[in-house]
Amino acid sequence: MRLRQIVLLLLLALVIGAFVALDLGRYLSFEQLKASQASFNQLYAQQPLVVAAVYFGVYVVATALSFPGAVIITLAGGAVFGLWWGLLIVSFASTLGATLAFLASRFVLRDWVESRFGQRLADINAGVDKEGAFYLFTLRLIPVVPFFLINLLMGLTRMKTWTYYWVSQLGMLAGTAVYVNAGTQLAQLDSVQGILSPALLGSFVLLGIFPLLARRGVAAIQKRQVYARWASVRPKTFDRNLIVIGGGAAGLVSAYIAAAVKAKVTLIESHKMGGDCLNYGCVPSKALIKSAKLAHQMRHGAQYGLSDTAPSFSFKAVMQRVHDVIKAIEPHDSVERYNGLGVEVLQGYGKLVNPWTVEVALNDGTRQRLTARSIVIAAGARPIVPPLPGLEEVGYVTSDTLWDEFAKLDEVPKRLVVLGGGPIGCELAQSFARLGAQVTQVEMGDRIMVREDEEVSVLAREALQADGVQVLTGHKALRCKRRGDDKILVVNQQGEGQGQEVEIVFDALVCAVGRVARLQGYGLEDIGVPTHRTVETNEYLQTLYPNIYAAGDVAGPYQFTHTAAHQAWYAAVNALFGDFKSFKVDYRVIPWATFIDPEVARVGLNEQEAKEKNIPYEVTKYGIDDLDRAIADSEARGFVKVLTVPGKDRILGVTIVGTHAGDLLAEYVLAMKHGLGLNKILGTIHTYPTLAEANKYAAGEWKRAHAPQKLLAWAKKFHDWRRG
């Protein structure tokens, strides 16, 4: 806390202390006001401007300092100045005082609250940016809600001061008028409680609820306006409850949920069921990683007391195994399985005709039109192909196409270039290097896996280089060209050390620079659904049209299979039951992993994010090189790093680097989801010897760092005394 904040707090404390010590509250009683009414009226008749100015100042100070007795002062305004002048003076004085209290709360407390509850406050601020003025207005309309509490809490948000002022002025006007008017009838009042009768309180509550009802009415009008151009084609009845476009993770889960609650649902997929994850991403890459890891272990058999052996294998057989794994998992996502679950699966291209109608160009050449009350867009994403001159001439594969293209090869490409230093690029670079390719990885940024902490990026780079990958960070790909039979990528070093162009000769090039949502080809542009990198949705996953939802990679912000399935639950439930109850998507605990060796897994904040968001944290780190099971498996490398609230065991985030890090992370995901701290993990029995013990030992490291040293010193004295 800065010196100015401390000084202000001391001044506030002194003023409040003086108020209590001098018992000034006795002047703010109903009885004192009635006894002094005649004196105030006489003084006002003699010096009206002075009395009005002093009253205004006292009201501002009392409101700004949240002194009790604002009701009495308001009654005094009506008793002395009458209804209209009293209302004018009290309205501006109360609003100015409330704004000063708002600013004081902001100046003294907001930085501290942001440092302690940064992420939660960020979520609140996002809501305030959208609808803060509206909710402030409704709160101001209901005098049952303590106004000083509103001043205090709103000061912690990012609401603009002018917005707070004018909304408060309008919102408090009705309540102010009631009290000022009551003050004009002061002689007839027996107590303050007589002002707010149950009927009047009920009226205020209704007044506060009215804006909420009005807002719903406005929303209904806006909804009608959105659909106005389609009013003539809106079906009177619907063929189905839900249509899902896309048979990837988000689409499959959406359709499954709809069928499970006995809704009539149709799933449309133009190509392969299972989407990117099954056919091009998670499944084939993990199958490849497993084969590559076994080849690596054979080369390093001495680590296990065996002989180092150069693996002898057919690359075509390795790629065939990848396709065999896909085929083995295919039944989980097959047309037959989903038909059996009650989902109608149509194989073809679905296109939105209007907000309720989808036209399907079936793969057999026929067309069919379907109507549904709600639609879920789950079209997924595709690889980004950079606009490199000459790229088409030399040829390339993406993370989607390499599985079929490389399956045609008899041998692994001898010289392989991987463009991109993200998770996909790193996994592919290491795997193909372990299978014997000479791999060069090109990343324009200054490090690979840039979303992770720098120490993680360093470990990942060292791991890839240990397997023979040449990692070129800070290098920008400029163009491709041919020279005779050679294919060449031209790159240039970026930054301060910018140098001459470097030529990299290759036999195959993999574009792994990221993925982009599929936004064209299924009618979004035809019916005017806004898109910007992803389909634009609200917190309920609704698009411009409230009955059309988006989930998965096409909706963002994450491109993980598990988040696609997570969003699909919200999309399906909101689509089917949203007229009664809708659910905002919960992104608070999202895990992810990169399956290089050693694996990198994370949930919540890492250090670089905590610093960017100015969130205070403590770091507890346990080295897996000390773990018995890791030593026995010759996998003694990596760490568990836990970020916690300073002085507490509440987990802010976890990063694990090591064998099976993605599996080890699950315990922390569960803990964060359900608010369990490190003490709970420490108190949980973990089987010995397992890798999972690393989680318990990390919790133990935190406990040791927070051991009560003074209490332990007294315990030592006690035990010394017991020994005599």
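Going by the structure above, here's the rest.
Student: How do you make sense of the overall build of the chain when you look at a structure like this?
Tutor: Helix and strand content of the chain: 26 helices and 23 strands. Taking all 724 residues of the chain together, the buried fraction comes to 46%. Counting contacts in the chain only where the partners sit at least 6 residues apart, residues at least 24 apart contribute 66% of the total. As presented, the chain carries roughly 36500 Å² of accessible surface, and 59% of it is formed by carbon and sulfur atoms.

Student: Help me out: how do you make sense of the packing of aromatic side chains in this one?
Tutor: The geometry of an aromatic ring pair is captured by two quantities: the separation of the ring centres and the angle between the planes. All told, the structure shown has 18 aromatic pairs when counted by the stated rule. With centroids separated by 5.8 Å and ring planes inclined at 15 degrees, the aromatic side chains of Trp-162 and Tyr-165 adopt a geometry described as stacked. Of this pair, Trp-162 and Tyr-165 both sit in helix H7 (residues 161-171), separated by three residues, roughly a single helical turn. For Tyr-165, a relative accessible area of 18% puts it in the buried group. Ring centres of Tyr-558 and Trp-592 lie 6.4 Å apart, and the angle between their planes is 40 degrees; on these two criteria the pair is classed as tilted. With Tyr-558 in the loop between strand E18 (548-550) and helix H20 (561-577) and Trp-592 in strand E19 (residues 591-594), this residue pair connects regions lying 34 residues apart in the sequence. Assessed through its relative accessible area of 11%, Trp-592 is described here as buried. Counting every residue linked through ring pairs, the aromatic cluster contains Tyr-44, Tyr-55, Tyr-59 and Phe-81. It is Lys-581 that lies over the ring of Phe-583; its NZ or CZ is 5.6 Å from the centre.

Student: What am I meant to see in the nonpolar core here?
Tutor: Proteins that are soluble and globular tend to have nonpolar side chains buried together. Ranked by size, the top nonpolar core spans 41 residues in total, and within it Leu-288, Phe-406, Leu-416, Phe-432, Val-439 and Val-510 carry the most contacts. Membership of the second largest hydrophobic core comes to 29 residues, among which are Ile-245, Leu-352, Val-529 and Val-535.

Student: So what exactly am I meant to see when it comes to the packing of helix H12 (residues 282-299) against helix H13 (residues 315-329) here?
Tutor: Helix-helix packing is characterised by the crossing angle of the two axes and by the distance between the axes. It is the contact of H12 with H13, at a shortest axis distance of 9 Å, that shows an interaxial angle of 135 degrees. On the basis of the axis angle, H12 is oblique to H13. H13 is crossed by H12, and the crossing has right-handed handedness. On H13, the residues touching Val-283, Pro-284, Ala-287, Leu-288, Lys-290 and Ser-291 of H12 are Val-318, Met-319, Arg-321, Val-322, Val-325, Ile-326 and Ile-329. Partitioning the contact of H12 with H13 into residue classes produces ten nonpolar, one polar and two charged.

Student: Which parts of the structure should I look at to understand the sheet that holds strand E13 (residues 501-506)?
Tutor: Strand pairs in the sheet, formed through backbone hydrogen bonds, run parallel or antiparallel to each other. Taken in spatial order, the three strands line up as E11-E12-E13 in an open sheet, and their pairing is antiparallel. In this open sheet, the two strands that pair with only one neighbour each are strand E11 (475-483) and E13. Across the sheet, the mean angle separating the axes of adjacent strands is 30 degrees when strand polarity is ignored.

Student: When you look at unusual backbone geometry in this model, what are you seeing that I'm missing?
Tutor: Most peptide bonds are trans, and most residues other than glycine sit at a negative phi. Here the bond from Gly-556 into Pro-557 is cis, since omega is -5 degrees, no more than 30 degrees from zero. Each neighbour pair has its own omega, and for Tyr-688 with Pro-689 the value is -10 degrees, a cis peptide bond. Tracing the sequence through the fold places Pro-689 in the loop between helix H24 (678-682) and helix H25 (693-705). Phi angles above zero are rare outside glycine, and Arg-533 is one such case at about 70 degrees. Structurally, Arg-533 is set in the loop between strand E16 (531-532) and strand E17 (534-535). Residue His-660 is not a glycine yet carries a positive backbone phi of 55 degrees. Here His-660 is to be found in the loop between strand E23 (651-658) and helix H23 (661-673).

Conventions used here
Along each chain, residues carry numbers from 1 onward, in the same order as the chain's sequence is written. Only residues with pLDDT of at least 70 get local features here, since the model is predicted, and only at 80 or more are side-chain atom pairs given and counted; chain-wide, interface and lining totals rely on the full set of residues. Hydrogens and waters are ignored; side-chain quantities use all the structure's heavy atoms. Each helix is a run of H or I in the DSSP string that is no shorter than four residues. Each strand is a run of E no shorter than two, and both are numbered from the N terminus. When accessible area is computed with a 1.4 Å probe and restricted to protein chains, residues below 20% of their type maximum are described as buried, those above 50% as exposed, and intermediate ones as partly exposed. Whether two residues touch is decided by their heavy atoms; if any such pair falls within 4.5 Å, the residues are in contact. For the accessible areas, the method is Shrake-Rupley and the probe is 1.4 Å, while residue cover comes only from the protein chains on display. Any two rings among Phe, Tyr and Trp, with Trp reduced to its six-membered ring, count as a pair given centres within 6.5 Å; such a pair is stacked if its planes are under 30 degrees apart, edge-to-face if over 60, and tilted if neither. The criterion is that NZ of a Lys, or CZ of an Arg, lies within 6 Å of the ring centre and within 35 degrees of the ring normal, and then a charge sits over that ring. Among buried residues, those of type Ala, Val, Leu, Ile, Met, Phe, Trp, Tyr and Cys that are joined through side-chain atoms within 4.5 Å constitute a nonpolar core. Fitted lines through C-alpha atoms serve as axes, helices being fitted only where they are in contact, and the angles separating the N-to-C directions of these axes extend from 0 to 180 degrees. Orientation labels follow simple angle bins: below 35 degrees gives roughly parallel, above 145 gives roughly antiparallel, 65 to 115 gives roughly perpendicular, and whatever is left gives oblique. A crossing counts as left-handed when the near helix is turned anticlockwise from the far one by less than a right angle, and as right-handed when that turn is clockwise. For this classification, Asp, Glu, Lys and Arg are treated as charged, while Ala, Val, Leu, Ile, Met, Phe, Trp, Tyr, Cys and Pro are nonpolar and the rest, including Gly, are polar. Paired strands are those between which DSSP finds at least two bridges.

It is worth stressing that arrangement in space is one thing and function is another; only the former is reported here.
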